[in-house]
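Notes for the structure review
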Amino acid sequence: MKIIRADVIVTCPGRNFVTLKIETDEGIHGIGDATLNGRELAVASYLKDHVCPLLIGRDAGRIEDTWQFLYKGAYWRRGPVTMSAIAAVDMALWDILGKAANMPLYKLLGGASREGVMVYGHATGRDIPEALDRYAEHIEEGYKAIRIQCGVPNMRSVYGVAKGNGMYEPATKGAVEEQSWSSEKYLDFVPKLFEAVREKFGFDTHLLHDVHHRLTPIEAARLGKSVEPYRLFWMEDPTPAENQAGFRLIREHTVTPIAVGEVFNSIWDCKQLIEEQLIDYIRATLTHAGGITHLKRIADFAALYQVRTGCHGPSDLSPVCMGAALHFDLWVPNFGVQEYMGFPKEALEVFPHAWSFDRGMMHPGEAPGHGVDIDEKLAAKYPYDPAYLPVARLEDGTLWNW
Ligand code: EZ4
Ligand code: CO
């Protein structure tokens, strides 16, 4: 089966998504997600201008060889743009293989390791009472794992809190939003949030929290230690992870589990973190970390060290990534949890999908391939709408980690 066409579709049904569609001479097509929030057109161009022409005439079934060809053949290895582009090709080819075999992707990977995929939702509030209300709603909906984020008193803005009553969306149109940050205020406040959750709801739900790279290693160590009585499922991205050895400092001081890696794009970003058992969950995703072929490699390596998966699943990864991720999650033996933020209604219409949600558990469905398609006519109605992720500044104006 030969590849005869490869097209990039950029669409904004509620938010921007980049999709690669690969067609074969046997009439089977597959799609892959290539969305890199705030830098979408760089990946679209990488695919359109540099990768699509190379795909024409290739055997659609040689997935591993195509991955190696695009990775090694670029000479310039790794990086989010390159790896998201390779991921989209990889996802589309696995989709084609599944359709050709008339099998859902999870069966091709080795079959289901569990009945369903535990996902965590986001409970966010401007203050503790509001955050607790959202937490209660998630319990009502059946969620077994819930992330909580909350406004910090006397801080102008904070990560992860929805602006109105709608969905949380960090990217803004036009200018880059400048947020303010104080590690001192946050560190004083956030243990009270977890205390309130455990006091009100007990320990029956998994409690998660995203620090979003804001602390230094020693501050993260202090946070982890101070919240041990609330038994977090994980504390996510406590400090930026370019320096993997920095996590030793956190690990020496606390047993609060650590999840890292939503911005990672290759196994090399987490090699030391995993090998030295400095983390408990690896958050690398299909779209940003080289697709199924590469995430499989990361997960298998992580399994040797009892590190489990916790794939990133924000609304800025498309429903295509969500579908493929659920197949991956259903199979991967060392599964931990999957993030699920939900999608704008228009996005769910543009991407017809086989996956389903039921009381905090998801299933990829039984459709051949990854089970997600794109309605190109509908997609064309939502033209690209540039948006940027925010930045964070300390109260004296110093640019910080967002
Ligand atoms: O801020 O995907 O855990 N989830 C997150 C996300 C990220 C966005 C950035 O595009 O940290 O909400
Ligand atoms: Co995060």
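Under an unreviewed UniProt entry, the protein chain has the name Mandelate racemase/muconate lactonizing protein and belongs to Caballeronia hypogeia.

**Description of the domain arrangement of the protein chain**
Along its sequence, the protein chain is organised into domain 1 (3-104) and domain 2 (108-367). Each partner contributes to the interface: domain 1 provides 32 residues, whereas domain 2 provides 35 residues. Summed over both sides, the interface of domain 1 with domain 2 buries roughly 2,600 Å², with 63% coming from carbon and sulfur. In this structure, arginine 15 and glutamate 169 form a salt bridge, with 2.7 Å as the shortest nitrogen-oxygen distance.

**Side note on the packing of helix 3 (residues 80-101) against helix 10 (residues 291-303)**
Packed helix pairs are specified by the crossing angle of their axes together with the interaxial distance, meaning the distance between the axes. Between helix 3 and helix 10, the least distance of the axes is 6 Å, while the angle of their chain directions is 105°. When the interaxial angle is binned, helix 3 and helix 10 end up roughly perpendicular. In contact with Met83, Ala87, Asp90, Met91 and Trp94 of helix 3, helix 10 contributes Gly291, Ile292, Thr293 and His294. A class-by-class count of the residues in the contact of helix 3 with helix 10 yields 5 nonpolar, 3 polar and 1 charged.

**Observations regarding the packing of helix 2 (residues 63-73) against helix 10**
Interaxial distance between helix 2 and helix 10 falls to 9 Å at its minimum, and their mutual angle equals 90°. Regarding the angle of helix 2 to helix 10, the classification is roughly perpendicular. Residues Ile63, Glu64, Trp67 and Gln68 of helix 2 form the contact with helix 10, whose own contacting residues are Thr293, His294 and Arg297.

**A word on the nonpolar core**
Ile22 and Leu47 are the most contacted members of the largest nonpolar core, which totals 133 residues. Taken domain by domain, the makeup of this core includes at least three residues from each of domain 1 (3-104) and domain 2 (108-367).

**Description of the coordination of the cobalt ion (ligand 2)**
For the cobalt ion (ligand 2), every protein donor is listed as Asp210 (OD), Glu236 (OE) and Glu262 (OE), and the spread of their distances is 1.9 to 2.1 Å. Spacing between the donor residues of the cobalt ion (ligand 2) along their common chain follows D-x25-E-x25-E. Here glutamate 236 is found in strand 9 (residues 234-236), whereas its partner glutamate 262 is found in the loop between strand 10 (258-260) and helix 9 (271-275), with 26 residues between them in sequence. Glutamate 262 carries the same exposure label as glutamate 236, and that label is buried.

**A word on the sheet that holds strand 7 (residues 178-181)**
One open sheet holds the 3 strands; their spatial order is 7-17-18, and the pairing between them is mixed. On the outer flanks of this sheet lie strand 7 and strand 18 (399-400), each paired with one strand and no other. Pairing geometry for strand 17 (residues 391-394) and strand 18, over 2 bridges, is antiparallel. From the neighbouring strand, alanine 392 faces strand 18, where its bridge partner is tryptophan 400.

**Re the packing of aromatic side chains**
Evaluated as defined, the whole model comprises 17 aromatic pairs. Ring geometry for tyrosine 120 versus tryptophan 234: centroids 5.4 Å apart, planes at 85°, classification edge-to-face. Linking tyrosine 120 in strand 4 (residues 117-125) with tryptophan 234 in strand 9, this pair joins segments that are 114 residues apart in sequence. In terms of burial, tyrosine 120 and tryptophan 234 fall into one category: buried.

**Considering the side chain of asparagine 334**
By the element assignment, asparagine 334 lies in the loop between helix 11 (319-331) and strand 13 (338-339). Within the structure, the side chain of asparagine 334 is placed 3.1 Å from the backbone oxygen of valine 307, a separation counted as a polar contact. In contact with asparagine 334, not counting residues within four places along its chain, are Ala299, Ala302, Ala303, Val307, Arg308 and Thr309.

**Points about the sheet that holds strand 2 (residues 17-24)**
Strands sit in the order 1-2-3 across an open sheet of 3 strands; the sheet is antiparallel. Each edge of the sheet is formed by a strand with only one pairing partner; in this case those strands are strand 1 (3-11) and strand 3 (29-33). For this sheet the average axis-to-axis angle between neighbouring strands, irrespective of direction, equals 20°. Lying on the sheet, helix 1 (residues 40-55) is in contact with strand 1 and strand 2; it crosses strand 1 at an angle near 170°.

**Let's talk about the pattern of salt bridges**
Inspection of the entire model under this criterion finds 21 salt bridges. In this structure, glutamate 130 and arginine 126 form a salt bridge, with 2.7 Å as the shortest nitrogen-oxygen distance. The class for glutamate 130 is buried, based on a relative accessible area of 19%. Notably, a salt bridge pairs arginine 147 with aspartate 210, separated by 3.1 Å at the nearest N-O pair. Placement of arginine 147 in strand 5 (residues 145-150) and of aspartate 210 in strand 8 (residues 206-210) is noted, with a sequence separation of 63 residues between them. Its relative accessible area of 1% is what places arginine 147 among the buried residues. Shared partners join several salt bridges into a network, and the residues in it are Glu236, Glu262, Arg283 and Glu339.

**Points about the state of the cysteines**
Considering all chains together, one arrives at 0 disulfides under this definition. With no disulfide of its own, cysteine 12 has cysteine 321 as its nearest cysteine by sulfur position, at a separation of 18 Å. Here cysteine 270 is not cross-linked by a disulfide; its sulfur's nearest cysteine counterpart is in cysteine 311, at 12 Å. A residue is classified by how much of its surface remains accessible, and cysteine 270, at 0% relative accessible area, is buried.

**Notes on unusual backbone geometry**
Generally, phi is negative for residues other than glycine and the peptide bonds are trans, each holding for most cases. Within the chain, asparagine 102 stands out as a residue other than glycine whose phi angle is a positive 55°. Relative to the elements of secondary structure, asparagine 102 occurs in the loop between helix 3 and helix 4 (105-109).

**Focus on the site of ligand 1**
Around ligand 1 sit 14 residues, and of these Asn37, Tyr159, His212, Glu262 and Asp316 come closest. The separation between an oxygen atom of ligand 1 and a polar side-chain atom of glutamate 262 is 2.7 Å. Contact distances for ligand 1 include 2.8 Å between an oxygen atom and a side-chain N or O atom of aspartate 316. For ligand 1, whose unbound accessible area comes to 330 Å², protein coverage reaches 95%. Residue composition of the shell around ligand 1, by class: 4 nonpolar, 3 polar and 7 charged.

Cut-offs applied
- Residues numbered from 1 in each chain as written.
- Chains lettered and ligands numbered in written order.
- Predicted model: local features only at pLDDT ≥ 70, side-chain atom pairs only at ≥ 80, totals over all residues.
- Heavy atoms only, no water.
- Domains from an automatic or database assignment.
- Contact = heavy atoms within 4.5 Å.
- Buried area = accessible area lost by both parts, 1.4 Å probe.
- Salt bridge = Lys/Arg side-chain N within 4 Å of Asp/Glu carboxyl O.
- Axes fitted to C-alpha atoms, helices over the stretch in contact; angles between N-to-C directions.
- Helix = DSSP H or I, 4+ residues; strand = E, 2+ residues; numbered from the N terminus.
- Parallel < 35°, antiparallel > 145°, perpendicular 65-115°, else oblique.
- Nonpolar A, V, L, I, M, F, W, Y, C, P; charged D, E, K, R; others polar.
- Core = buried A, V, L, I, M, F, W, Y, C linked by side-chain atoms within 4.5 Å.
- Buried < 20%, exposed > 50% of the residue type's maximum accessible area, 1.4 Å probe, protein only.
- Donors = N, O, S within 2.8 Å, 3.2 Å for Na, K, Ca; no water.
- Pairing = 2+ DSSP bridges.
- Phe/Tyr/Trp six-rings, centres within 6.5 Å; stacked < 30°, edge-to-face > 60°.
- Polar contact = N/O pair within 3.5 Å; in protein donor to acceptor, adjacent residues only side chain to side chain.
- Disulfide = S-S within 2.5 Å.
- Near = heavy atom within 4 Å.
- Areas by Shrake-Rupley, 256 points an atom, 1.4 Å probe, with all protein chains shown as cover.

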